[in-house]
Amino acid sequence: MRIVVKVGTSTLAHPTGHLNIRRVELLCKVLSDIKNAGHEVILVSSGAIGMGVGKLGLLGRPEDIPTKQAAAAVGQCELMYTYDKLFSEYNHTVAQLLITGDDVASDKRRGNFINTMYRLLELQALPILNENDTVSTDEIVIGDNDTLAAIVATSVGADKLVLLSDIDGLYTADPHTDPNAKLIAHISAISPDVLALAGASASTQGTGGMITKLRAAAMCLDAGCEMVICNGAEPENLYAVLEGQTIGTKFSKE
Ligand code: GLU
């Protein structure tokens, strides 16, 4: 099975902005094990800006583009250093791909990107993608990694896209405030009623929240790629997803 896993800043880092070491170690262990079992794994990872903020000792997430881009440049290094180190422990080789809106809008560049992805998978490498935040400006930005992950999953014909979030999935109401909120196990189409639930299930940190996840789901449903939103606090949830168990919210036509 070819599986794309997207992990957000709120899963990778503590609220202090520093790396959640236990979580990231467990994630790399589980992904390595899944790869050892014969699956192809692609990781879409956020966290560049967040880690750059921590490393540069900035007081908070920057609002202005130059500081955001500078933080991303610093944080992306730290992020890949961490992944390289942890995946190396399990004998897996990582590859970094930084892309932006221009790279997927142009057929030629998209073709190049897809060819590189296929070759990396043939070479048994583990591609790790992020948006190239250092050069992304408003005109060309993809903007959030839920969308980037859906672009990646549908471009390489992935069987599953798993969005690891800080929430268990899509709820009927806001689970933080409504005790009657119920987790929705399965969605087969992104109707206006489903979109209306996005606000209720917004995650607390990160760029995307639920609306970008539902847009990603719409892209996946169109392309026949199953998508699952589940809680990244327990990376072992990925085993359950691969086994087809009911976990989080699954988006598939049937
Ligand atoms: N590319 C951004 C980062 O690495 C994150 C975008 C997102 O979280 O959707 O910080």
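As a starting point, this report considers the structure included with it.

Parameters at a glance
Residues numbered from 1 in each chain as written. Predicted model: local features only at pLDDT ≥ 70, side-chain atom pairs only at ≥ 80, totals over all residues. Heavy atoms only, no water. Axes fitted to C-alpha atoms, helices over the stretch in contact; angles between N-to-C directions. Helix = DSSP H or I, 4+ residues; strand = E, 2+ residues; numbered from the N terminus. Parallel < 35°, antiparallel > 145°, perpendicular 65-115°, else oblique. Contact = heavy atoms within 4.5 Å. Near = heavy atom within 4 Å. Polar contact = N/O pair within 3.5 Å; in protein donor to acceptor, adjacent residues only side chain to side chain. Areas by Shrake-Rupley, 256 points an atom, 1.4 Å probe, with all protein chains shown as cover. Nonpolar A, V, L, I, M, F, W, Y, C, P; charged D, E, K, R; others polar.

To continue, consider the packing of helix α3 (residues 48-56) against helix α4 (residues 65-88). Packing of α3 against α4 brings their axes to within 6 Å, and their N-to-C directions diverge by 95 degrees. Taken as axis vectors, α3 and α4 run roughly perpendicular relative to one another. Contact with α3, carried on its side by Ala-48, Ile-49, Met-51, Gly-52, Val-53, Lys-55 and Leu-56, involves Lys-68, Ala-70, Ala-71, Ala-72, Val-74, Gly-75, Gln-76, Glu-78, Leu-79 and Thr-82 of α4 and no other residues of that element.

Structurally, Gly-57 is set in the loop between α3 and α4. When the C-alpha atoms of Gly-57 and Gly-17 are compared, they prove to be 10.0 Å apart, with 40 residues separating the residues in sequence.

Around the ligand sit 9 residues, and of these Ser-46, Ala-48, Asn-130, Asp-133 and Asn-145 come closest. Asp-133 places a side-chain nitrogen or oxygen 2.8 Å from a nitrogen atom of the ligand. Between Asn-145 and the ligand, the recorded distance is 2.6 Å, taken from a backbone N or O atom to an oxygen atom. With the chains in place, 95% of the 300 Å² that the ligand exposes on its own is no longer accessible. Per-class residue counts for the shell around the ligand are 2 nonpolar, 5 polar and 2 charged.

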